[in-house]
Amino acid sequence: MNAVVKDNRFDKFVNNIVYASFFIHQLFFLLSISALSKNIIEIRKGTQLVIIISFLIMSSTILFYFLRGKFSLKEVIVYVVIFVPLLVSLYNYRVVMVISNLFYAAIFKNVDCKKSLKVVLCATVLGFLVNIILGFITKYSGNAMQTRYGMERIRYGLGFYYAYMTSYYYLTIVIMFILAFEKFNILMYVTLTFFNIVIFIFCDTKAAFAYTLVALILHLLFIKFNFKTLFKFFKIAVICSVPFAVIFAIFLPILYVKGNAFWDLFNKIVNGRLYLTQNAIAVCGWKWFGQTVSMGKVGAYYADSAILTMLIGNGLVVLIMSTIFMTFFSYMAVKINHKPLMIVLFIIAVRSIFDLGFMTMQLGPVIIMFYDVYNKYRSGIVCDY
């Protein structure tokens, strides 16, 4: 579209506002899930306020980019078409997780993708370390006594409100390292693996430990050592990962039969999630455009799947839209040979079957890469790794 504001003097300034706001937004999001923040209402309200203000500041830059003519008429139409069903879903579900991705895509259309990734990496690492320090110097550690492996033991929160959060945000840090720096030396692999083991010992979150380890192994195989034959099969797996994840997340719980030896073993491997998610589907049901409903009751049911949470909360229409988008995103990553992004998208898809991650900005901030990948795909640019 034609630019209303033709002067480019403020472009760099506005881009810097995006970086600064994004850093603050990510940092305070990490602080908002600290044990300290969750237990002291004034701190919790303060962090939430900063999160909202920083997001609004970032979102306001979309108007500036629009007036600068950075969006075509076709883009605007596509955004409106996507925005309407997401808005209806938001009205029904009252959770901004999915619709916020649409804003992130637009916000980061005109800024340096690599710099944005390093900004979110720095903010996440800083917030992660601050939470750990707060856990040590205050009485709010997030530690919890739980029964694990048939015996009681302490799961250390390391300053996070729930012990599992520490492991998952470490996974986010590893993902951001993969996307921001792409190539590692051996010391980097060793260091990231070492901290993954240490965090697992303290927090005892097996899934996040496994996802992090798999991400590093895939990075080692395909980027460090360039196993070409195996990589050909991996590319197919990446493109198919999201549709298959959606199918598995929905139908595995439906097909689960309690008392069947195979299904009971499978259910045990995934810590009872088949049984709990089957009950969640039965209790909550689903609607086309979402609903506000409690998705968990201790010992009875729990939608412990990002994909099922989206189906139940956001509705089938939004789940289909998100599946198409993420599959197209994965396809573009494969076509331009963006190996780091392929690894990350694959991990996100797999962990979304029985865990968090699908279309969740905070646990896998890859949406900010969309336009960078799309532009390379349209231009026929192939990454060299």
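The model shown is predicted, which means the values in this text are computed figures rather than measured ones.

Colleague: Quick one: what's the story with the layout of surface pockets, residue by residue and with numbers?
Modeller: Of the voids in this model, the second largest pocket is the one considered here, and its volume is about 720 Å³. Every residue lining the second largest pocket is counted, 24 residues in all, and those nearest its centre are Val78, Ile82, Phe325, Phe370 and Tyr371. Top contributing element to the lining of the second largest pocket by residue count: helix 4 (residues 73-93), with six residues. Classifying every residue of the lining of the second largest pocket by side-chain character gives 16 nonpolar, four polar and four charged.

Colleague: Can you explain helix 8 (residues 186-203)? Please cite residues and give values.
Modeller: Look at helix 8: 26 Å from first C-alpha to last across 18 residues, which is about the 26 Å you get at 1.5 Å a residue. The inward-facing, buried residues of helix 8 abut helix 6 (113-137), strand 2 (151-155), helix 7 (163-181) and helix 9 (206-224). For helix 8, the capping residue at the N-terminal end is asparagine 185, with a side-chain oxygen 3.2 Å from the backbone nitrogen of leucine 187. The first or second residue beyond helix 8 is aspartate 204, which carries a positive phi of 55°.

Colleague: Lay out the side chain of threonine 277 in plain terms, naming residues and giving numbers.
Modeller: Its place among the elements puts threonine 277 in helix 12 (residues 273-284). Setting aside residues no more than four positions away along its own chain, threonine 277 makes contact with Pro253, Tyr302, Ala303, Asp304, Leu308 and Phe354.

Colleague: An account of the packing of helix 10 (residues 228-255) against helix 13 (residues 306-314) is requested, with residue identities and associated values reported.
Modeller: Running from amino to carboxyl end, helix 10 crosses helix 13 at an angle of 80°, the nearest separation of the two axes being 9 Å. Comparing their axes, helix 13 and helix 10 come out roughly perpendicular. Along its contact with helix 10, which presents Ala245, Val246, Ala249, Ile250 and Pro253, the element helix 13 presents Ile307, Leu308 and Leu311. In terms of residue class, the contact of helix 10 with helix 13 is made up of eight nonpolar, no polar and no charged.

Colleague: Could you give me a rundown of the pattern of salt bridges, with the residues and numbers involved?
Modeller: This model, assessed by the stated rule, comprises five salt bridges. Taking the shortest distance from any N to any O, the salt bridge between aspartate 304 and arginine 273 comes out at 2.8 Å. In this pair, aspartate 304 sits in the loop between strand 4 (301-302) and helix 13 while arginine 273 sits in helix 12, placing the two residues 31 residues apart along the sequence. The class of aspartate 304 is buried, set by a relative accessible area of 16%. We classify arginine 273 as buried; its relative accessible area is 15%.

Colleague: Give a description of the packing of aromatic side chains that names residues and reports values.
Modeller: Enumeration over the complete set of coordinates arrives at 35 aromatic pairs. Sitting over the face of the ring of phenylalanine 71, lysine 109 holds its NZ or CZ atom 5.6 Å from the ring centroid.

Colleague: Please provide a residue-by-residue account of the environment of glycine 313, values included.
Modeller: Structurally, the position occupied by glycine 313 is in helix 13. Given the relative accessible area of 0%, glycine 313 is considered buried. Separated by 41 residues in sequence, glycine 313 and phenylalanine 354 have C-alpha atoms that sit 16 Å apart. Every residue in contact with glycine 313, bar those within four places of it in the chain, is listed here: Tyr93, Gly290, Gln291 and Met295.

Colleague: I'd like a rundown of helix 10, residues and numbers included.
Modeller: If you look at helix 10, its biggest bend is around 50°, right at serine 241, and the proline proline 243 turns up within four residues after that. Of the positions making up helix 10, those classed as buried are Phe231, Phe234, Val238, Ser241, Val242, Ala245, Val246, Ala249, Ile250, Leu252 and Pro253. Turning to helix 10, the residues buried within the fold contact helix 9, helix 11 (261-269), helix 12, helix 13, helix 14 (316-335) and helix 15 (339-351).

Colleague: Quick rundown of unusual backbone geometry? Include the residues and the values.
Modeller: A positive phi angle is found at arginine 94, which is not glycine, with a value near 65°. Tracing the sequence through the fold places arginine 94 in the loop between helix 4 and helix 5 (97-107). Residue class for arginine 94 comes out exposed when judged on its relative accessible area of 56%. Look at leucine 158: it is not a glycine, yet its phi comes out positive at around 50°. Looking at the element boundaries, leucine 158 is found in the loop between strand 2 and helix 7. With relative accessibility at 13%, the residue leucine 158 sits in the buried group.

Colleague: Lay out the confidence of the model for the protein with the relevant residues and their values.
Modeller: Mean pLDDT over the protein works out to 91, with 97% of the residues at or above the 70 mark. Element-level mean pLDDT values for the protein span from 75 in strand 1 (residues 144-148) up to 96 in helix 14.

Colleague: Hey, could you go over a nonpolar patch on the surface for me, with residue numbers and the actual values?
Modeller: A cluster of nonpolar side chains, contributed by Val80, Val84, Val88, Trp286, Trp288 and Phe289, occupies part of the molecular surface with about 570 Å² of accessible area. By secondary structure assignment, the location of tryptophan 286 is in the loop between helix 12 and strand 3 (296-297).

Basis of the calculations
Residues numbered from 1 in each chain as written. Predicted model: local features only at pLDDT ≥ 70, side-chain atom pairs only at ≥ 80, totals over all residues. Heavy atoms only, no water. 1 Å grid on protein atoms, 1.4 Å probe; cavity = no way out; pocket = protein on both sides within 12 Å on 5 of 7 lines; lining within 4 Å. Points joined across faces, edges and corners; volume = space filled by probe spheres on them. Helix = DSSP H or I, 4+ residues; strand = E, 2+ residues; numbered from the N terminus. Nonpolar A, V, L, I, M, F, W, Y, C, P; charged D, E, K, R; others polar. Expected span 1.5 Å × (residues − 1). Contact = heavy atoms within 4.5 Å. Polar contact = N/O pair within 3.5 Å; in protein donor to acceptor, adjacent residues only side chain to side chain. Axes fitted to C-alpha atoms, helices over the stretch in contact; angles between N-to-C directions. Parallel < 35°, antiparallel > 145°, perpendicular 65-115°, else oblique. Salt bridge = Lys/Arg side-chain N within 4 Å of Asp/Glu carboxyl O. Buried < 20%, exposed > 50% of the residue type's maximum accessible area, 1.4 Å probe, protein only. Phe/Tyr/Trp six-rings, centres within 6.5 Å; stacked < 30°, edge-to-face > 60°. Lys NZ or Arg CZ within 6 Å of the ring centre and 35° of its normal. Bend = angle between axes of the 7 residues up to and from the residue. pLDDT = per-residue confidence, 0-100. Patch = residues over 30% accessible without salt bridge, like charges linked within 9 Å, V, L, I, M, F, W, Y side chains within 5 Å. Areas by Shrake-Rupley, 256 points an atom, 1.4 Å probe, with all protein chains shown as cover.

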